[in-house]
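Structure assessment
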Amino acid sequence: MEYVIVKWLHILSSTLLFGTGIGSAWYLLLASLSRDVRAVAVVSRNVVRADWLFTATTMVVQPATGYYLAHLAGYPLHSKWILWSLCLYLAAAACWLPVVWIQMRLRDVAAAADAAGEALPPLYWRYFRWWVALGVPAFFAFVAVFYLMVAKPP
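Small disclaimer: the values here were computed from a predicted structure and weren't measured.

**Some words on the side chain of Ser79**
Among the structural elements, Ser79 can be located in the loop between helix H2 (37-73) and helix H3 (80-116). Reaching out from Ser79, the side chain makes a polar contact with the backbone oxygen of Pro76 at a distance of 2.7 Å.

Structure follows, in structure tokens:
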């Protein structure tokens, strides 16, 4: 029963992590491309909140439950799929940390532009390009981790 509970927590947290990430990215991307300053200000504020509430917590829960699952199932921690999963997870986390900072800058720049009744400035678009550049590899790293979790190739 312990294994089932830990596995459920691991799957639930991975769903929240990936779902929040892809959902937040989708809405911030669409809001930004609309160039509607008020929409961007609101969406970016909520994306930052979601990142702290869901992504930050699940970024901690995932490796903890994954380690415990490997222990309970008797998988050696030096298994290739576990090592690859860990490397890809760390790569995604390395992208996510600056993305959080960038999202806070996007939020602040959009809020200032909205308050001033101005368009999004070039600074917003510079941050936005970095946000996309870091988000794409993080997305594919998480997709690969999902594959490795399910397939557990030798």
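Having seen it, we continue.
**Describing a nonpolar patch on the surface**
A grouping of Met1, Tyr3, Val4, Ile5, Trp8, Leu9, Leu12, Leu16, Leu53 and Phe54 is seen on the molecular surface, where their side chains present a nonpolar patch of about 970 Å² in accessible area. Taken together, the elements giving at least two residues each to the nonpolar patch come down to helix H1 (2-34) and H2. Sort the elements by how many residues they give to the nonpolar patch and H1 lands first, with seven residues. Structurally, the position occupied by Met1 is in the segment before H1.

**Some words on the packing of H2 against H3**
Packing of H2 against H3 leaves a shortest axis separation of 9 Å and a crossing angle of 160°. Comparing the axis directions of H2 and H3 gives the class roughly antiparallel. Between H2 and H3 lies a crossing whose hand is left-handed.

**What about the nonpolar core?**
Residues Met59, Leu106, Leu120, Tyr124 and Trp131 are the most contacted members of the largest nonpolar core, which totals 33 residues. Of the residues forming this core, the biggest block, 13 residues, is contributed by H3. Those residues in contact with Met59, other than ones at most four positions away along the chain, are Leu17, Tyr89, Ala93, Trp96 and Phe142.

**Topic: helix H4 (residues 122-151)**
Its 30 residues place the ends of H4 44 Å apart at the C-alpha level, agreeing with the 44 Å of an ideal helix rising 1.5 Å per residue. Taken residue by residue, H4 has Tyr124, Trp125, Tyr127, Phe128, Trp131, Leu134, Ala138, Ala141, Phe142, Val145, Leu148 and Met149 as its buried positions. The inward-facing, buried residues of H4 contact H1, H2 and H3. Trailing H4 by a residue or two, Lys152 shows a phi angle of about 45°, which is positive.

**A few points about the packing of H1 against H4**
Remark: H1 packs on H4, axes separated minimally by 11 Å, with the N-to-C direction vectors making an angle of 150°. Compared by their axis directions, H1 and H4 come out roughly antiparallel. The crossing of H1 and H4 is left-handed. For the pair formed by H1 and H4, the contact residues are His10, Ser14, Leu17, Phe18, Ile22, Ala25, Leu28, Leu29 and Ser32 on the first element and Tyr124, Trp125, Phe128, Trp131, Phe139, Phe142, Val143, Phe146 and Met149 on the second. For the contact of H1 with H4, a count of residues per class yields 15 nonpolar, three polar and no charged.

**Some remarks on the packing of aromatic side chains**
All told, the structure shown has ten aromatic pairs when counted by the stated rule. Where Tyr75 meets Trp81, the ring centres are 5.4 Å apart and the plane angle is 90°; that geometry is what we call edge-to-face. For Tyr75, a relative accessible area of 31% gives the class partly exposed. Through a chain of ring-to-ring contacts, three or more aromatic side chains come together here, namely Phe18, Phe139, Phe140 and Phe146. Here the guanidinium or amino end of Arg35 rests over the ring plane of Trp125, the centre of that ring lying 4.3 Å away. One residue, Lys152, lies across the ring of Trp81, its end atom 5.3 Å from the ring centre.

**Regarding the environment of Lys80**
If you trace the backbone, Lys80 turns up in helix H3. The spacing of Lys80 and Cys95 is 15 residues in sequence and 23 Å in space, taken between C-alpha atoms.

**Thoughts on the environment of Val43**
Counting through the fold element by element, Val43 comes out in helix H2. Here the alpha-carbon distance between Val43 and Ser13, two residues 30 residues apart in the chain, equals 23 Å. Residue contacts for Val43: discarding those within four places in its chain leaves Tyr27, Leu28 and Ala31.

Cut-offs applied
- Residues numbered from 1 in each chain as written.
- Predicted model: local features only at pLDDT ≥ 70, side-chain atom pairs only at ≥ 80, totals over all residues.
- Heavy atoms only, no water.
- Helix = DSSP H or I, 4+ residues; strand = E, 2+ residues; numbered from the N terminus.
- Polar contact = N/O pair within 3.5 Å; in protein donor to acceptor, adjacent residues only side chain to side chain.
- Patch = residues over 30% accessible without salt bridge, like charges linked within 9 Å, V, L, I, M, F, W, Y side chains within 5 Å.
- Areas by Shrake-Rupley, 256 points an atom, 1.4 Å probe, with all protein chains shown as cover.
- Salt bridge = Lys/Arg side-chain N within 4 Å of Asp/Glu carboxyl O.
- Axes fitted to C-alpha atoms, helices over the stretch in contact; angles between N-to-C directions.
- Parallel < 35°, antiparallel > 145°, perpendicular 65-115°, else oblique.
- Left-handed = near helix turned anticlockwise from the far one by under 90°.
- Core = buried A, V, L, I, M, F, W, Y, C linked by side-chain atoms within 4.5 Å.
- Buried < 20%, exposed > 50% of the residue type's maximum accessible area, 1.4 Å probe, protein only.
- Contact = heavy atoms within 4.5 Å.
- Expected span 1.5 Å × (residues − 1).
- Nonpolar A, V, L, I, M, F, W, Y, C, P; charged D, E, K, R; others polar.
- Phe/Tyr/Trp six-rings, centres within 6.5 Å; stacked < 30°, edge-to-face > 60°.
- Lys NZ or Arg CZ within 6 Å of the ring centre and 35° of its normal.

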